[in-house]
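Here are the chains, one letter per residue:
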Amino acid sequence: MRVEIISCLKDNYSYLIVDDNNNSACVIDPSESKPIIDFLENKNIKLNYILNTHHHYDHIGGNKDLKKKYKSVVVGFKEDSDRIPEIDILIDNNQIWKAENFEAKIIHVPGHTSGHICFHFFKEKLIFTGDTLFSLGCGRIFEGSYEQMFQSLNKIKVLPKETKIYCGHEYTFNNAKFCKKYDSENKNLQKKIEKIEKQLENGIPTIPSTLKEELECNIFLKAKDIESFTKLRDLKDNF
Ligand code: ZN
Ligand code: FE
C-alpha cells in the first residue's frame, strides 16, 4: 500500500491509498473530484472506495462525481448517513472495515462534528484523522464539547508511536506558531519547526507527521487535563 497526497481547494489534503497488486485505490475525504481524477487518469488505477471522516463540504465535495465516474462505494459513519452524500456502507465505532486488501479500524472521535471518525489502517500503522488531530493542532469544536474532543484525542494518543498521521489540512505552520508561543522551551518543537519550514520552502507537504512527534510537540496532546485543554482551545480560537 502506498499513500498519495492530493492537494485540494485552498489547504485541504485528500489521500489515495493505492494497492498496486490490484491497481485499485481508496480515497480519503475527496474535497473535490478534479485533482483526484487527474491523478488517477492514465495510471489505470480504479477508485473503488470513498472514505469520509466527516460531513463537512471540504471533505465530501468529490463524492458524487467520483462515484459516478468510478462506481466507487462510499463509506461513512452510520449516524451521519443523512449528511454524507451518496453513502453506501454505514460503519460503526470500533468496527473493522475490510474490502479487498484494505483494512481499517473505525475510531469515533466526536468534537469537531458529532459524527467524526478516524480510519486507522493498523497493519500499515497509518491513521487518517480528518479535522480532529492536525499536525501541531486539533480541530475546532463545532458540534461537541471540550470533554468529547479531549477524549477523542486520547483515543488517538494510545496508538503505536510510529503511527503516521494524515490529517485533513495543511495548517501546520500556523499551528506551530501557536505551540511556540505557549511552549517556547520545547526543544523537540524547535526541531520540528525547522523541519516543517524546510518542507514548506520546498513546496512539499508537512504531512505525514508521526504520533511520536505529535506527542512531543503538539500542545493539545500535551494538555494534562480537560481544564488546560479547554483553555488552550479557547486561546487558539482567538489566535
Ligand atoms: Zn471539518
Ligand atoms: Fe476541513
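Source: prediction; values computed, not measured.

Draft legend 1. The pattern of salt bridges, seen in detail. For the coordinates displayed, the defined rule picks out 18 salt bridges. Here K67 ties to E86 by a salt bridge, and the two come within 3.8 Å at their closest N and O atoms. Placement of the pair is K67 in helix 3 (residues 63–70) and E86 in the loop between strand 5 (73–77) and strand 6 (89–91), with a sequence separation of 19 residues. Note that E162 and K125 form a salt bridge whose closest N and O atoms lie 3.7 Å from each other. Linking E162 in the loop between helix 4 (146–157) and strand 13 (164–167) with K125 in the loop between strand 9 (117–121) and strand 10 (126–130), this pair joins segments that are 37 residues apart in sequence. Several salt bridges converge on common partners, so that one network encompasses R2, E4 and D20.

Draft legend 2. Region of the structure containing the coordination of the zinc ion (ligand 1). Taken together, the protein ligands of the zinc ion (ligand 1) are H54 (NE2), H56 (ND1), H112 (NE2) and D131 (OD), with distances of 2.2 to 2.3 Å. Between the zinc ion (ligand 1) and the iron ion (ligand 2) the interatomic distance amounts to 3.2 Å, and D131 serves as a bridging ligand to the pair. A residue pair is termed long-range when its members are at least 10 positions apart, and H54 in the loop between strand 4 (46–51) and helix 2 (57–60) and D131 in the loop between strand 10 and strand 11 (133–134) qualify at 77 residues. In terms of burial, H54 and D131 fall into one category: buried.

Draft legend 3. Local environment of the coordination of the iron ion (ligand 2). Taken together, D58 (OD), H59 (NE2), D131 (OD) and H169 (NE2) make up the full set of protein donors to the iron ion (ligand 2), lying 2.1 to 2.3 Å away. Geometry at the iron ion (ligand 2) is irregular, judged from the four donor atoms that bind it and their angles of 83 to 169° at the metal.

Draft legend 4. Representation of the layout of surface pockets. Estimated volume of the largest pocket: approximately 460 Å³. What lines the largest pocket is a set of 22 residues, among which F134, R140, F142, H169 and Y171 lie closest to the centre. Looking at the lining of the largest pocket, the elements with two or more residues in it are helix 2, helix 5 (172–182) and helix 9 (226–237). Residue contributions to the lining of the largest pocket peak at three residues, all from helix 9. Considering only residue class, the lining of the largest pocket consists of seven nonpolar, seven polar and eight charged.

The rules we used
Residues numbered from 1 in each chain as written. Chains lettered and ligands numbered in written order. Predicted model: local features only at pLDDT ≥ 70, side-chain atom pairs only at ≥ 80, totals over all residues. Heavy atoms only, no water. Salt bridge = Lys/Arg side-chain N within 4 Å of Asp/Glu carboxyl O. Helix = DSSP H or I, 4+ residues; strand = E, 2+ residues; numbered from the N terminus. Donors = N, O, S within 2.8 Å, 3.2 Å for Na, K, Ca; no water. Buried < 20%, exposed > 50% of the residue type's maximum accessible area, 1.4 Å probe, protein only. Tetrahedral: all angles 85-135°; square planar, octahedral: opposite > 155°, others 65-115°. 1 Å grid on protein atoms, 1.4 Å probe; cavity = no way out; pocket = protein on both sides within 12 Å on 5 of 7 lines; lining within 4 Å. Points joined across faces, edges and corners; volume = space filled by probe spheres on them. Nonpolar A, V, L, I, M, F, W, Y, C, P; charged D, E, K, R; others polar.

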